[in-house]
Amino acid sequence: MSDTPQTLIDNRPPSVAHLFIERVAATPDGEAYRYPVPSSTGEGPDEWKSLTWGESAERVYAIAAGLIALGVRPEERVALASSTRVEWILADLGVMCAGAATTTVYPSTNTEESAFILADSESRVLIAEDAAQVAKAREARDELPDLTRVVVIDPAAAEPAEGDPEGWLLTLAELEARGTAYLAEHPEAVEERVAAIAADQLATLIYTSGTTGRPKGVRLPHDNWSYMAKAIPASGLVSTEDVQYLWLPLAHVFGKVLISGQIEVGHVTAVDGRVDKIIENLPVVRPTYMAAVPRIFEKVYNGVAAKARAGGGAKYKIFQWSVGVAREYAKVSQDNFRRTGTASVPFTLAAKHRTADALVFAKIREAFGGRLRACVSGSAALAPDIGYFFAGAGVHILEGYGLTESSAASFCNPGEAYRTGTVGKPLPGTEVRIADDGEVLLRGPGIMQGYHRLPDKSAEVLESDGWLHTGDIGELSVDGYLSITDRKKDLIKTSGGKYVAPAEVEGQFKAVCPFVSNILVHGADRNFCTALIALDEPAILGWAAENGLDGRSYAEVVAAPQTVELIEGYVKELNGGLQRWQTIKKFRLLPRDLDIEHGELTPSLKLKRPVVERAYKSLIEDMYAGTREA
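Thresholds, definitions, all that
- Residues numbered from 1 in each chain as written.
- Predicted model: local features only at pLDDT ≥ 70, side-chain atom pairs only at ≥ 80, totals over all residues.
- Heavy atoms only, no water.
- Buried < 20%, exposed > 50% of the residue type's maximum accessible area, 1.4 Å probe, protein only.
- Helix = DSSP H or I, 4+ residues; strand = E, 2+ residues; numbered from the N terminus.
- Pairing = 2+ DSSP bridges.
- Right-handed = clockwise from strand over helix to strand, strands pointing away.
- Contact = heavy atoms within 4.5 Å.
- Axes fitted to C-alpha atoms, helices over the stretch in contact; angles between N-to-C directions.
- Phe/Tyr/Trp six-rings, centres within 6.5 Å; stacked < 30°, edge-to-face > 60°.
- Lys NZ or Arg CZ within 6 Å of the ring centre and 35° of its normal.
- Parallel < 35°, antiparallel > 145°, perpendicular 65-115°, else oblique.
- Nonpolar A, V, L, I, M, F, W, Y, C, P; charged D, E, K, R; others polar.
- Left-handed = near helix turned anticlockwise from the far one by under 90°.
- Core = buried A, V, L, I, M, F, W, Y, C linked by side-chain atoms within 4.5 Å.
- Polar contact = N/O pair within 3.5 Å; in protein donor to acceptor, adjacent residues only side chain to side chain.

Trainee: Give me the pairing of strand β3 (residues 77-81): which residues, what numbers.
Mentor: Of all five residues in β3, five are buried; the element is thus mostly enclosed. Residues Arg77, Ala79 and Ala81 of β3 are buried on one face, and the alternating residues Val78 and Leu80, pointing to the opposite face, are buried as well. Two strands pair when backbone bridges link them, and β3 and strand β4 (residues 101-105) are joined in this way by five bridges, in the parallel orientation. Considered in β4, the bridge of Arg77 is made with Ala101. For the crossover from β3 across helix α4 (residues 86-97) to β4, the handedness is right-handed.

Written as C-alpha cells, this is what we have:
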C-alpha cells in the first residue's frame, strides 16, 4: 500500500537539513534557484543565472563549515539581516547544516531594535547584507558582547572601520573559503552536524514585529520546518514542475516557510526581493505560483483601474463592466463547485466572461507572466471582492492563514476547491477548534516551543496540552473551511454596545475605492465609527492630473475639496452595504501614506493601529468634536 500524506508527515526526518541532503542526492543536476545579476554591459534588464542543487550544496556546506570553523556550536544563534536574495537562502541553510539557529532580522529594522534582537537572541555571528546593516552592528557593538563576527554579503561593504576588532568583519566569500579549507581537513564535519540534529533542537528565532511593545522571539525548532516541508506538498499546493517567484521578506515566517516546501519537492525558485522589480520580473520568470500579501493585489487592482480610467470614459466603463462580470463569474462558479463538484456557469454569463476575458482578463494574466496557476495570499485578510475579481480574471488567489507562532502555514485553500473569503482547510496534521468567545485555537507539529526567555508570555498563549491561542476570531464551516473575522483585541465596541470588526469594514472599502492605500476604522467607546484614509499615491496623482490638480504634491491633492468629495462618494457607497452601527459617519484623508519607516506598518505591511491612532489623535478627536459621547 502506498504511503498516505499523513504517513509521510508522521515519518518526517528531524530537520530540513536532512531533507536538503536528500534533495541534493536525488537531483544534484536539477535547477534549484534563479537569481538576477546586472547585465554584463551594465545597461538594460538584469540577467538571470541559475544554481543547481549540487552547486547550492557546495556553497551551503562551505558556509556551514565556515561557521563551525569560527567556533559556532549547535543551537547557538547566527543572525541574518538581509533583503530577500539567493544568498539569504544559502546562508540560512548553512546555519541549519551547522546545527546552529538563525535569528532573522528585517533589513528595515532600526539600529535600536536590531541591537535588542541581537542581544536578546545572544547571536554569536551576524550575516549582514551591506554597509547599512554593518553600520547598525558597529553602532551597537558595546551592547553586544556575544557578537564576535560580522559576515557581509556585499564585498564592497567589507572595509574595516576604526575601532573594529581584528578579524571582526569578513566577507561571505571569505567565510566560504574558510569553510572549504576546513572541509579539506574535516570532510565529514557538516554531515556529522546534520546527523546530530534533534527534532526539538532550535532552528529559528523570528521576532514578531508586533503592533505594540518590544518584539518577542518565537522559538521554532527543526521539527516545525520539517513538518511544513512535508505538509505543504501533501496539501497538493506545489509540484515538481512548478516555478515559484519568491520576493517576500525571508525574515518573515511566511517567506521562510516557502523554502522548506520547495526543498521537499525540488522545483525551481526564482529569488528577488526588490518589490519595485515585481512587474518587470514576472514576464521574465513566468512563474506558475507565487505568494504575496494582500497589499500587492490591492496595488495591482488599483493600477489596472487607474490605467483603464486614463484610457478614457469608454475604456473605464468596459473595465467596470468586466469587474462586475469577473465577480459574478467567480461567485457562481465557486458556489456550483461547492454544490456539484463542477465549476459550471450559465451560458449567458459564460458568454459575457469570454468577452471580458478578451478585452481585460487576458492582459492581466499576461502581466503575471501568462503561466500563473495560483497565488497564495497571507499575512492579512484579502478583501473578498478583490479576491473574486482576480478569480474571475483567471488569477486564482488561494488565501492561507497562520502565525509566526505556528510556522506560518496552518491553513490554505485547496486548489480547485478554494473559496474566496475563507483561508481554507487546515494542513494535514494541524488541529483547530473555536473557543467559546470565537477565538481560533491551533494544535499540531507547526506550533512554536514558546517565546525566547519569556515563560510568562508563553504561558499566556500556549496551553499545557499544546493548544495555541491565536488571538484571531474565526468561524468554521461544516466542511472545515475557516473564515477569520478579526483580531480579538481589534474588535470595536461602540458606546451603544454594538461590536464592529474594523478589518471587515476596511476590506470592503478597499474593494469599492480604487484609490485607497490604507484605512483605519476607529470607534471603540464612541457613538459612531470614523476612518483615517491614506490614498495610493500613483492612483490619486493620476486622477488629479485629469481633474485640474496637475502638478500638485500628494499632500496638496489630498487636501483639495475635489479629492475629499471623490472619496466621500466611495464612503457613501461603502455605507450602503453596512449595518447602521458599522457605517463611517466621518473620515479624514491623511497627508501622506502610512509606511514601515514611520512605524505605522509592520514589515509584512500590517497596520499598527495604536501607532496610527497616536500619530493622528488630533484628526480623530476633531471628527468627534461637538458630538455628545454616550
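Trainee: With reference to specific residues and values, describe the pairing of strand β20 (residues 468-476).
Mentor: Consecutive residues of a regular strand have side chains that alternate between opposite faces of the sheet. Bridge count between strand β18 (residues 439-443) and β20: three bridges; the pairing is antiparallel. Bridge assignment links Leu442 to a residue of β20, and that residue is Leu468. Relative to strand β21 (residues 482-487), β20 runs antiparallel, the two sharing five bridges. Across the sheet, residue Asp472 finds its bridge partner in β21, namely Arg487. Count of turn residues in the β20/β21 antiparallel hairpin: five residues, of which Gly480 carries a positive phi of about 95 degrees.

Trainee: Tell me about the sheet that holds strand β8 (residues 202-207), and please be specific about residues and values.
Mentor: Across the sheet, which stays open at both edges, the eight strands sit in the order β7-β6-β5-β3-β4-β8-β9-β19 with mixed pairing between neighbours. Looking at strand neighbours, the two that pair on one side only are β7 (169-171) and β19 (450-451), the edges of this open sheet. Bridge analysis of β8 against strand β9 (residues 217-221) gives five bridges, and the strand direction is antiparallel. Within β9, the position partnered with Leu202 by the bridge is Pro221. Across the sheet, helix α6 (residues 131-139) lies against β3, β5 (125-128), β6 (149-152) and β7, angled at about 150 degrees from β5, the strand it touches most. Those strands touched by helix α9 (residues 222-234) are β8 and β9, and its axis lies near 65 degrees from that of β9.

Trainee: Which residues make up the packing of aromatic side chains, and what are the values?
Mentor: Under the counting rule described, the total for this entry stands at 15 aromatic pairs. Ring plane angle 90 degrees and centroid distance 6.4 Å describe the contact between Phe368 and Phe390, whose orientation is recorded as edge-to-face. Here Phe368 is found in the loop between α14 (347-367) and β13 (374-377), whereas its partner Phe390 is found in helix α15 (residues 384-392), with 22 residues between them in sequence. The same class applies to Phe368 as to Phe390, namely buried. The rings of Phe297, Tyr301, Tyr316, Phe319, Phe368, Phe389 and Phe390 are connected pair by pair, giving a single aromatic cluster. Between Lys216 and the ring centre of Tyr451, over which it is positioned, the NZ or CZ distance is 5.1 Å.

Trainee: Summarise the packing of helix α13 (residues 313-340) against α15; cite the residues concerned and give the values.
Mentor: Interhelical geometry of α13 versus α15 gives an angle of 90 degrees and a closest axis separation of 7 Å. Between α13 and α15, the angle falls in the class roughly perpendicular. Residues Phe319, Val323, Ala326, Arg327, Tyr329, Ala330, Lys331 and Gln334 of α13 form the contact with α15, whose own contacting residues are Asp385, Ile386, Tyr388, Phe389, Ala391 and Gly392. Looking at side-chain class alone, the contact of α13 with α15 contains nine nonpolar, two polar and three charged residues.

Trainee: I'd like to hear about the sheet that holds strand β25 (residues 529-535), residue by residue, with values.
Mentor: Judged by pairing direction, the sheet is mixed, and its three strands sit side by side in the order β24-β25-β26 without closing on themselves. Because the sheet does not close on itself, it has two edges, and the strands there are β24 (516-522) and β26 (584-589). Taken pair by pair, the neighbouring strands of this sheet meet at an average axis angle of 25 degrees, ignoring direction. The pairing of β24 with β25 spans six bridges and is classified as antiparallel. Note that in β25 the partner of Ile519 across the bridge is Ile533. Where helix α20 (residues 561-575) meets the sheet, its contacts fall on β25 and β26, and the angle it forms with β26 comes to roughly 150 degrees.

Trainee: Describe the packing of helix α2 (residues 16-26) against α4, listing the residues and the values that go with them.
Mentor: Between two packed helices, the angle of one axis relative to the other and the distance separating the axes together describe the packing. It is at 9 Å that the axes of α2 and α4 come closest, and there the two elements cross at 110 degrees. For the element pair α2 / α4, the angle class is roughly perpendicular. As for the relative orientation of α2 and α4, their crossing is left-handed in sense. Between α2 and α4, the contacting residues are Val16, Ala17 and Phe20 on the first element and Leu93, Met96 and Cys97 on the second.

Trainee: Tell me about the nonpolar core, and please be specific about residues and values.
Mentor: In terms of nonpolar packing, the biggest core is built from 176 residues, with Phe20, Phe390, Phe509, Phe515, Ile533 and Ile567 touching the most fellow members. Once residues lying within four places of it in the same chain are set aside, the contact partners of Phe390 are Phe297, Val300, Tyr301, Ile364, Phe368, Val395 and Ile397. Ala81, Leu144, Ala157 and Trp168 belong to the second-largest nonpolar core, a separate cluster that totals 22 residues.

Trainee: Run through the environment of Ala524, naming residues and quoting values.
Mentor: Examined against the element boundaries, Ala524 turns out to sit in the loop between β24 and β25. Separated by 156 residues in sequence, Ala524 and Phe368 have C-alpha atoms that sit 41 Å apart.

Trainee: Run through the environment of Ala158, naming residues and quoting values.
Mentor: Structurally, the position occupied by Ala158 is in the loop between β6 and β7. Remark: the alpha-carbon pair of Ala158 and Gly480, spanning 322 residues in sequence, is separated by 53 Å. If near-sequence neighbours (up to four positions away) are discounted, Ala158 is found in contact with Val152, Leu169 and Thr171.

Trainee: Describe in detail the side chain of Thr422, supporting the description with residues and values.
Mentor: Mapped onto the secondary structure, Thr422 falls in the loop between β15 (411-412) and β16 (425-426). Taking the relative accessible area as the measure of exposure, Thr422 reaches 10% and is therefore buried. A polar contact is formed between the side chain of Thr422 and the backbone oxygen of Arg419, at a distance of 2.9 Å. Aside from chain neighbours lying at most four places away, what touches Thr422 is Glu399, Asn413, Tyr481, Leu482 and Ser483.

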